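Chain by chain, the residues:
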Amino acid sequence: MIGQVIFAVLLIGAIFLFYKNARKIYRNIQLGKPLDRTDRPAERFKTMLLVAFGQKKMFKRPIPALLHLFVYVGFVIINIEMLEIVIDGLFGSHRVFSFLGGFYDFLIYSFEILAFLVLLGCVIFAIRRNVIKVKRLNQAELNNWPKTDANLILTAEILLMAAFLTMNAADFKLQNLGAEHYHAVGSFPISQYIAQWLPESINSLVFIERFCWWFHIVGVLAFLNYLVISKHLHILLAFPNTYFSNLNPKGEFSNMASVTEEVKVMLDPSLPPPSGEPSRFGVKDVQDLNWKNLLDAYTCTECGRCTSACPANITGKLLSPRKIMMDTRDRVSEVGKNIDKNGSFQDDGKSLLDTYITREEIWACTSCNACVEQCPVNINPLEIIIGLRQYAVMEESQAPASINNMLSNLENNGAPWKYSQADRANWTNQ
C-alpha cells in the first residue's frame, strides 16, 4: 500500500509540474502577434499526417530517417505499456492486461522488438554525434548546453529501454521459476537472452524486476518534465506546428498591413486615412513576431538540416538558420522569465536583434528558402530574418551599402540598376 501511495504522489506531482511548465510555454508563444491559420483545415490535417506523423521530409536522408523512425515509432508504441504500468502502480496489480491472452503476448513481443530498435538507434545516434562527429551536429551554436541536452536525451532513452528489457528479463525468469505473483504471460524475444545473465535467486530477481519497474516509470515521468526545457519538446509540438504551416507558395512574402494602408491612401486620396497608432515596422524583439514564429522556435529539433542546406553557411558566412531559431527560443524564454519575475515585461535593455542575432547574420541570407524546404517539421527561419531586415531598413534606415544603392535606384530609376529608364535599352545599340 505504501508503494501505491508513493506512486500516486509521483504521478500526480509529475503531471502537475508538466502542466505548470507547459502553460508557461503556451503563454510565451501567445506573446506573439495574432495570425489566422485556421483556413483550409483538410489540407492542414493532411500536411500534419504526412510531415509530422509520417516523417515525410525526414526521408530526404534515408539512413538517419530510418534510425529516427525506429526511435519515434518505438518510443510512441512502447509507451502504450505505460497505461498498464500506471494501473499496476495505482492498484498494486501485476501485468493487469495479461487477461488478453495471445494478444497480450503479441503486444509484449512487439514492445521488446521496438525497445531493442530504439536502443540500437540511440546508440548509433550517439556515435554519429560524438565519435564520427557529423558536421551539422557539431557546429558552434551547439556548444555547451545544446550538445549536453542532446546527449542527455540519448542517454536517458538508452537507460529507459535497457531498464524495460531487464525488467522483462527478470519477470521472464521469475515466471520460469514459478515465483508467486509472476504467472506465465507474455512473449520475450529479446529479454529471454538477457535472463540467462541474471541470478537464480528469486529474492534477487524480484529486487531487479521491481528496481527496473520503478526506474522505468520514474524515468518516464522525469523525461516528461525534461521535455519542456529541452529541444525534444518537438515530440509534442511537431504536430500543431505542421498543422499551422504556411500553405502559401514558399516564395510569397506577406505585405505589412500598415504599409499597405498607407500606400492605398497615397494612390487614392478619397480613402479614409489609416486608423490607430502605427505599429512598429518589422521585428526588433520577439513580441514583434507572430505566435507561429514563436511556436517554430519552440518546435526546433536542432537537427541542423536547415544550416547544412544554407548556401550562405556553406560558403563560410556567419548565418546559421538553426541558430536563428535557437536564439529566438532563448530570447522568448528570457522574456517569459522577465514576466514571471515582474508581473509584466520590464525593459531589460536587450532585444532579439543585436543582442542575440547580429546584422551580419540577417544580411547574409539569400532568401532562397532552402532552410524552409529542408526542415522536417516545417519551421520557417526566413520569416524571422525578413522581419529583422524590415526593422533595420524601415525603422533605423540601416542597411549594407549594396542594399542602400538598390533602394536608391528603385526610388530614382524604378529599377534596381543605376541606369535611368531612358538609357535602359541602350545596350541594344551595341
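What you see is a predicted model; the values in this text were computed from it and never measured.

Rules behind the numbers
- In this convention, every chain numbers its residues from 1, walking through the sequence in written order.
- In keeping with the predicted nature of the model, local features appear solely for residues at pLDDT of at least 70, side-chain atom pairs appear and are counted solely at 80 or more, and the whole-chain, interface and lining totals rest on all residues.
- Only hydrogens and water are set aside; all other atoms, that is, all heavy atoms of the structure, feed into the side-chain values.
- Under the DSSP-based scheme used, a helix requires at least four consecutive residues in state H or I and a strand at least two consecutive residues in state E, with every element numbered from the N terminus.
- Burial classification: accessible surface area is computed with a 1.4 Å probe over protein chains only, and a residue below 20% of its type maximum counts as buried, one above 50% as exposed, and the rest as partly exposed.
- In what follows, residue pairs with any heavy atoms lying within 4.5 Å of each other are defined as contacts.
- Per-residue and other accessible areas follow the Shrake-Rupley method at a 1.4 Å probe size, with only the shown protein chains counted as cover for residues.
- Here the positive residues are Lys and Arg and the negative ones are Asp and Glu; neither His nor the chain ends is included.
- In this description, the location of a charge corresponds to atom NZ of lysine, CZ of arginine, CG of aspartate or CD of glutamate.
- Working convention: axes come from line fits to C-alpha atoms, limited for helices to the stretch in contact. Angles between N-to-C directions cover 0 to 180 degrees.
- If an angle is under 35 degrees, it is roughly parallel; if it is over 145, roughly antiparallel; if it lies from 65 to 115, roughly perpendicular; otherwise it is oblique.
- For any pair of crossing helices, the crossing counts as left-handed if the nearer helix is rotated counterclockwise from the farther one by less than a right angle, and right-handed if it is rotated clockwise.
- Charged residues are taken to be Asp, Glu, Lys and Arg, nonpolar residues to be Ala, Val, Leu, Ile, Met, Phe, Trp, Tyr, Cys and Pro, and polar residues to be all remaining types, Gly included.
- Under this definition, polar contacts are N or O atom pairs within 3.5 Å; protein pairs additionally need one hydrogen-donor-capable and one acceptor-capable atom, and for neighbouring residues in sequence, both atoms have to be side-chain atoms.
- Stacked, tilted and edge-to-face pairs are distinguished by plane angle, under 30 degrees for stacked and over 60 for edge-to-face with tilted covering the rest, among Phe, Tyr and Trp rings (Trp via its six-membered ring) whose centres lie within 6.5 Å.
- Salt bridge criterion: a side-chain nitrogen from Lys or Arg within 4 Å of a carboxyl oxygen from Asp or Glu.

I'd like to hear about the overall build of the protein chain, residue by residue, with values.
For the protein chain, the helix and strand inventory stands at 19 helices and zero strands. For the protein chain, the spread of C-alpha atoms along the three principal axes comes to 95 × 55 × 40 Å. The buried share of the protein chain, reckoned over its 430 residues, is 43%. A fraction of 75% describes how many contacts in the protein chain between residues 6 or more apart in sequence connect residues 24 or more apart. Total accessible area computed for the protein chain in this model is approximately 22700 Å², and 64% of it derives from carbon and sulfur atoms. Side chains of the protein chain carry 41 positive and 39 negative charges; the gap between the two charge centres is 5 Å.

Can you lay out the packing of helix α4 (residues 81-91) against helix α8 (residues 202-226) for me, pointing to particular residues and giving the numbers?
Across the interface, α4 lies against α8 with an axial gap of 11 Å and an inter-helix angle of 115°. Looking at the two axes, α4 sits roughly perpendicular to α8. Here the hand of the crossing between α4 and α8 comes out left-handed. Along the contact surface, α4 presents Met 82, Ile 85, Asp 88 and Gly 89, while α8 presents Trp 213, His 216, Ile 217 and Val 220. Among the residues forming the contact of α4 with α8, the class breakdown is five nonpolar, two polar and one charged.

Any chance you could break down the environment of Asp 36 for me, citing the residues and the numbers?
By secondary structure assignment, the location of Asp 36 is in the loop between α1 (2-29) and α2 (41-53). At a separation of 2.6 Å, a polar atom in the side chain of Asp 36 contacts the side chain of Thr 38.

Just give me the short version of the packing of aromatic side chains, but keep the residues and values in it.
Enumeration according to the criterion identifies ten aromatic pairs in this entry. Consider the rings of Phe 244 and Trp 291, whose centres lie 5.3 Å apart with planes at 90°: the pair is edge-to-face. Residue Phe 244 is located in the loop between α9 (234-243) and α10 (257-267), and its partner Trp 291 is located in helix α11 (residues 291-299); the two are separated by 47 residues in the primary sequence. Judged by relative accessible area, Trp 291 falls into the buried class, the value being 15%. Three or more aromatic residues joined by ring pairs make a cluster, and in this case those are Phe 7, Trp 213 and Trp 214.

Account for the pattern of salt bridges, naming residues and giving values.
Per the counting criterion, the structure on display carries 21 salt bridges. Between Arg 329 and Glu 302 there is a salt bridge; the shortest N-O distance is 2.3 Å. Within this pair, whereas Arg 329 is found in helix α14 (residues 321-342), its partner Glu 302 is found in the loop between α11 and α12 (305-309), the two being separated by 27 residues in sequence. Assessed through its relative accessible area of 5%, Glu 302 is described here as buried. Among the charged side chains, a salt-bridge network with shared partners connects Asp 285, Arg 331, Glu 334, Asp 348 and Lys 350.

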